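Structural characterization, general
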2 protein chains.
Amino acid sequence: MQKKVTIYDVAKQLGISTATVNRAMNDKASVSEKTRKLVMETAQEMGYRPSKTAASLKRNPKRIAVLLPDTVYGYLAEVERGIRRASDDLADYSVYCEMFKVTAEETRPFIDKLYELAEQEFDGIIILPPSNESEVSGVVKELREKTDLIFATVTSDLEGSDRLFSIQNNGRMAGKMAAELLGMLADREKPVVMVTGQLTSQVHRNTVEGFREGSESFGLKFSGVYEHHDNLREAYDLAKVLVDQYPDLGGIYFGTANSVAFCKRLQELGYAGKISIVASDVFPDIAALMRERVIKATIFQNPFLQGRLAVRYLYEYMAEGRQFENDVILLDPQIVLRSNLPLYSDILEQMKDDYIL
Amino acid sequence: MQKKVTIYDVAKQLGISTATVNRAMNDKASVSEKTRKLVMETAQEMGYRPSKTAASLKRNPKRIAVLLPDTVYGYLAEVERGIRRASDDLADYSVYCEMFKVTAEETRPFIDKLYELAEQEFDGIIILPPSNESEVSGVVKELREKTDLIFATVTSDLEGSDRLFSIQNNGRMAGKMAAELLGMLADREKPVVMVTGQLTSQVHRNTVEGFREGSESFGLKFSGVYEHHDNLREAYDLAKVLVDQYPDLGGIYFGTANSVAFCKRLQELGYAGKISIVASDVFPDIAALMRERVIKATIFQNPFLQGRLAVRYLYEYMAEGRQFENDVILLDPQIVLRSNLPLYSDILEQMKDDYIL
DNA sequence: CTGTTAGCGCTTTCAG
DNA sequence: CTGAAAGCGCTAACAG
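Residues numbered from 1 in each chain as written. Chains lettered and ligands numbered in written order. Predicted model: local features only at pLDDT ≥ 70, side-chain atom pairs only at ≥ 80, totals over all residues. Heavy atoms only, no water.

Residue and element names in this part refer to chain B. Counted according to the given criterion, the structure contains 48 salt bridges over all chains. Notably, a salt bridge pairs Glu-142 with Lys-146, separated by 2.9 Å at the nearest N-O pair. Of this pair, Glu-142 and Lys-146 both sit in helix H7 (residues 133-146), separated by four residues, roughly a single helical turn. A relative accessible area of 28% means that Glu-142 is categorised as partly exposed. Relative accessible area serves as the criterion here: at 61%, Lys-146 is assigned to the exposed category. Put simply, Asp-327 and Arg-163 hold a salt bridge, and the shortest N to O gap is 3.1 Å. (Salt bridge = Lys/Arg side-chain N within 4 Å of Asp/Glu carboxyl O. Helix = DSSP H or I, 4+ residues; strand = E, 2+ residues; numbered from the N terminus. Buried < 20%, exposed > 50% of the residue type's maximum accessible area, 1.4 Å probe, protein only.)

Written out as structure tokens, the structure reads:
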């Protein structure tokens, strides 16, 4: 428990002021390259580790905006909860986090809001991209160039937008895991298919790729990908289409959370339990279907953690100079079976209130 | 982003000093009950939330000792890594964490060390109990009464010791998960058995109970529990005993990490791949056996997180008055298959250095 | 039991 | 480009 090395020690050692040491350490402009190098070296040698607590006490508040599509959809509620949680955790560090929700039906209002936020005094913006990713990408890229705002994305990405980082589920791994599970659950001689939202979204494409690879490794007869465009009716109808097309269908992997309407139809058609289903995420409806043995397994994507980390990492970048070696941060998908479903009861409990779909 | 309410605001509002507000808020002695109540109420009304950062800047350093059995065993190395990580995270908060390792062959040296640590100026002690739990329990209880030390346990518990909390894997859930997995992997007509370290340890008993329950739910022919007492030779020999006793053995659940010698014998006997094996935790050897299809699944117990949270929670209790609604804190076991094994490669990488057994 | 006061280690004006 | 100095919000001596 040796004496802590402070900024004063470093300053005194070099015969300069603490202000200069500070500026040098924080990559601020207006420090000669020579002093900066000197300071860095001495700090290193002396074992100086700046105190984050002391730093946060004095520094100017940071403001983060979060822009989300205004969908009534359990997944988003979880991301939101994660964001609020991070805000709470960071309350002491003078970080202020504000959430904005905009309709995702059309892209225009979303983009307008983005321009509007850019006018305000935010330091960073976190975006959960609506399904039409490419249009938004351009806007972000433009704002990146014109302002000194920092952007991050969560859940899906905005490719080519020059955002700082993206936090998302490891979709490719999730796809492989689904394939392995179906290999354990279903007859491998029978065909399996994958159902997803829509393939304009980068994350969805990843899950498909993973499932394809996994099918190969684990010897599944992978027979097709179907989109339901996050439309309940379409999902409902799709069930019939599939059982007609594949009379001996062995398994289905649902890459998005929207499996409920589909499963309902399957039950109506008398196929429930006969076809092995692996779903995504944990929601009250999915939990119910698992208890009824309609869904055999689901792959949890931790939306809560996604939201939480997006805020946390953006803050760490802004305030503590955190570096990202990899700008796409992938979270580990988790396998949920009937036995460990109770572990997610807190989440289900939390969700009950704001969960509709 | 309204103005922050500080301790000064509360003090001014009540016409008292900040010192009194501080004392009242932190349950310190020497504040009249009347003032305390008044302060609490006013703080609440004004929306005062004490700043943890500011607090940590001034307060006296806290010291935490960690006492571990000195076993050369990958699991422990992970717990240690978690502890070090928490220490690092807390470095700014003036918390100092020191680790002590003592042989676990006999109980005496462990207990002696405990007395020795109690003499030193620690505020809290975290214990990873050696297999003989009951003897240590008594000592902890005694020290709890004689000193104002705070105790916590990690990985297993010291029942009746009056420790503040225990962090451990949810063993019962892990057992159930193993049963469900074996139900998916093995022929349910064939018998399954469980192998564990020794049943004097409370966590091991939990996994057995969980596996028993799970066998019932998932229709397994659960046929016995066998101990290997963490002895390599014994584990090696046990493989032969089991295949002789159960010629049509369908599956085995290994409740502890020590499955390697056992599997080796199984391979020698030509049973590898024929009997479905579910193991515990992720270590280099286990990863290798999974790639060879000898072990089909493993249940990760997150020893790293166990260590990390033990330190973190103890600190939060000491410094921030954190309350525990439940003094046994159970972490979620995670299912690892061949497909998601790569997610644990960081851990495996970390382990390579200090991993021997 | 309560008040006064001197910092904890850093950041940020403001003035050179 | 650099330095002096005033705090950020809290805690803990110390004095009453």
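Now for the sheet that holds strand S12 (residues 334-336) of chain B. All names here are of chain B. Pairing is mixed across the open sheet formed by six strands, whose spatial order is S7-S6-S8-S9-S10-S12. Only two strands of the sheet have a single partner each, and these edge strands are strand S7 (221-227) and S12. Here the average twist between neighbouring strands, direction ignored, is 20°. Where strand S9 (residues 276-280) meets strand S10 (residues 297-300), three bridges bridge the pair, whose relative direction is parallel. (Pairing = 2+ DSSP bridges. Axes fitted to C-alpha atoms, helices over the stretch in contact; angles between N-to-C directions.)

Close to DNA strand D lie 28 residues, the nearest being Thr-20 and Arg-23 of chain A together with Ile-7, Tyr-8 and Tyr-48 of chain B. Protein-proximal atoms of DNA strand D, defined as those within 4 Å of the protein, fall in sugar or phosphate at a share of 61%. The contact in question runs from a phosphate oxygen of DNA strand D to an N or O atom on the side chain of Thr-20 of chain A, over 2.7 Å. Counting residues per element, the ones that place at least two in the surface near DNA strand D are helix H2 (18-25) and helix H4 (52-58) of chain A together with helix H1 (7-14), helix H2 (18-25) and helix H4 (52-58) of chain B. Looking at the surface near DNA strand D, the element that brings in the most residues is H4 of chain B, giving four residues. Taken together, the residues that form the surface near DNA strand D break down as twelve nonpolar, ten polar and six charged. (Near = heavy atom within 4 Å. Polar contact = N/O pair within 3.5 Å; in protein donor to acceptor, adjacent residues only side chain to side chain. Nonpolar A, V, L, I, M, F, W, Y, C, P; charged D, E, K, R; others polar.)

Our focus in this paragraph is the side chain of Asn-340 of chain A. In this fold, Asn-340 of chain A is placed in the loop between strand S12 (334-336) and helix H14 (345-354). Polar contacts involving the side chain of Asn-340 of chain A include one to the main-chain amide nitrogen of Leu-337 of chain A, which spans 2.6 Å.

One finds Ile-252 and Phe-262 of chain A together with Ile-252 and Phe-262 of chain B to be the most contacted residues of the largest nonpolar core, which totals 170 residues. For Phe-262 of chain B, the residues in contact, after removing those within four places along its chain, are Val-195, Ala-235, Tyr-236, Leu-238, Ala-239, Leu-242, Ile-252 and Phe-254 of chain B. (Core = buried A, V, L, I, M, F, W, Y, C linked by side-chain atoms within 4.5 Å. Contact = heavy atoms within 4.5 Å.)

Bringing the relation of the copies chain B and chain A into the picture now. It takes a turn of 180° to lay chain B on chain A, together with a shift of 0.0 Å along the axis; the resulting RMSD is 0.1 Å. Expressed as a symmetry operation, the mapping of one chain copy onto the other fits a two-fold axis. Considering only C-alpha atoms, the residue of chain B closest to the rotation axis is Thr-53 of chain B, which sits at 2.6 Å. Here 100% of the interface residues in chain B have copies in chain A that are interface residues too; the copies meet face to matching face. (Least-squares fit on C-alpha atoms with pLDDT ≥ 70 in both.)

All names here are of chain A. Overall, parallel pairing links the six strands, which are arranged S2-S1-S3-S4-S5-S11 in an open sheet. A single partner strand is all that each edge strand has here, and the edge strands are strand S2 (95-102) and strand S11 (328-331). Neighbour to neighbour, the strand axes of the sheet diverge by 20° on average, direction disregarded. Across four bridges, strand S1 (residues 62-69) lies against strand S3 (residues 124-127) in parallel orientation. If you follow Leu-67 over to S3, its bridge partner there is Ile-127. The strands that helix H13 (residues 303-320) touches are S1, S2, S3, strand S4 (150-154), strand S5 (165-169) and S11; relative to S5, the one it contacts most, it runs at about 160°.

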